[in-house]
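# A closer look at the structure
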Amino acid sequence: MLASHTEYIREGIQKQNLMKLYNAYAGEIEDGFVEVIIPRQQSLIRGAGFFYGGVLAAAVDTAAYFSAATLQEEDAYFVTVDLKINYLNPAQGELLVTAGEVMKNGKTLIICKADCFTINAGSKKLVATSLVTLMKIHK
């Protein structure tokens, strides 16, 4: 992947309105793979002390979108047509790290998986897994 495309992906995550609210940023970026990292902040935490499920769903959607974008031209645009998420453990940690990966890069439909992990005192724990179907459209 070109360095300019990597920067486009990195900036794109931070330009998303919801990701701005979450103070999200990009982690690792490779062809077909993107990490979205969201730091713990009180507005994203339920009374029981873990991230809201909706935060995980938004992170999954974003990680899938940008992992697909790594394999397309910079002006490609996608909409989510299906998102299935399984919550496996309470998302309690200092960071929420969501890894999106393209499983099938079709002409119109792109299938991605995305896993959410929490990082707490250096320990990584899988808290959710997801399958996302995106459709490439013209704006």
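Below is a short write-up of the structure. (Residues numbered from 1 in each chain as written. Predicted model: local features only at pLDDT ≥ 70, side-chain atom pairs only at ≥ 80, totals over all residues. Heavy atoms only, no water.)

Glancing now at the state of the cysteines. Taken as a whole, this structure holds zero disulfides when the rule is applied. Its sulfur unpaired, Cys112 is 13 Å from the next cysteine sulfur, which belongs to Cys116. With a relative accessible area of 0%, Cys112 lands in the buried category. (Disulfide = S-S within 2.5 Å. Buried < 20%, exposed > 50% of the residue type's maximum accessible area, 1.4 Å probe, protein only.)

Below, the discussion takes up the packing of aromatic side chains. This structure, assessed with the given rule, holds three aromatic pairs. Ring centres of Tyr65 and Tyr77 lie 6.2 Å apart, and the angle between their planes is 75 degrees; this geometry places the pair in the edge-to-face category. On the criterion of sequence distance, the pair formed by Tyr65 in helix α3 (residues 53-69) and Tyr77 in strand β3 (residues 77-87) is long-range, its members being twelve residues apart. With centroids separated by 5.3 Å and ring planes inclined at 90 degrees, the aromatic side chains of Tyr65 and Phe78 adopt a geometry described as edge-to-face. With Tyr65 in helix α3 and Phe78 in strand β3, this pair connects stretches of sequence that are 13 residues apart. Tyr65 sits in the buried class, given a relative accessible area of 18%. We classify Phe78 as buried; its relative accessible area is 3%. (Phe/Tyr/Trp six-rings, centres within 6.5 Å; stacked < 30°, edge-to-face > 60°. Helix = DSSP H or I, 4+ residues; strand = E, 2+ residues; numbered from the N terminus.)

A few words on the pattern of salt bridges. What the rule picks out here adds up to one salt bridge. Put simply, Glu73 and Lys136 hold a salt bridge, and the shortest N to O gap is 3.0 Å. Here Lys136 lies in strand β6 (residues 123-137) and Glu73 lies in the loop between α3 and β3, a separation of 63 residues in the sequence. You can call Glu73 partly exposed: its relative accessible area is 41%. Residue Lys136 is classed as partly exposed on the basis of its relative accessible area, which comes to 21%. (Salt bridge = Lys/Arg side-chain N within 4 Å of Asp/Glu carboxyl O.)

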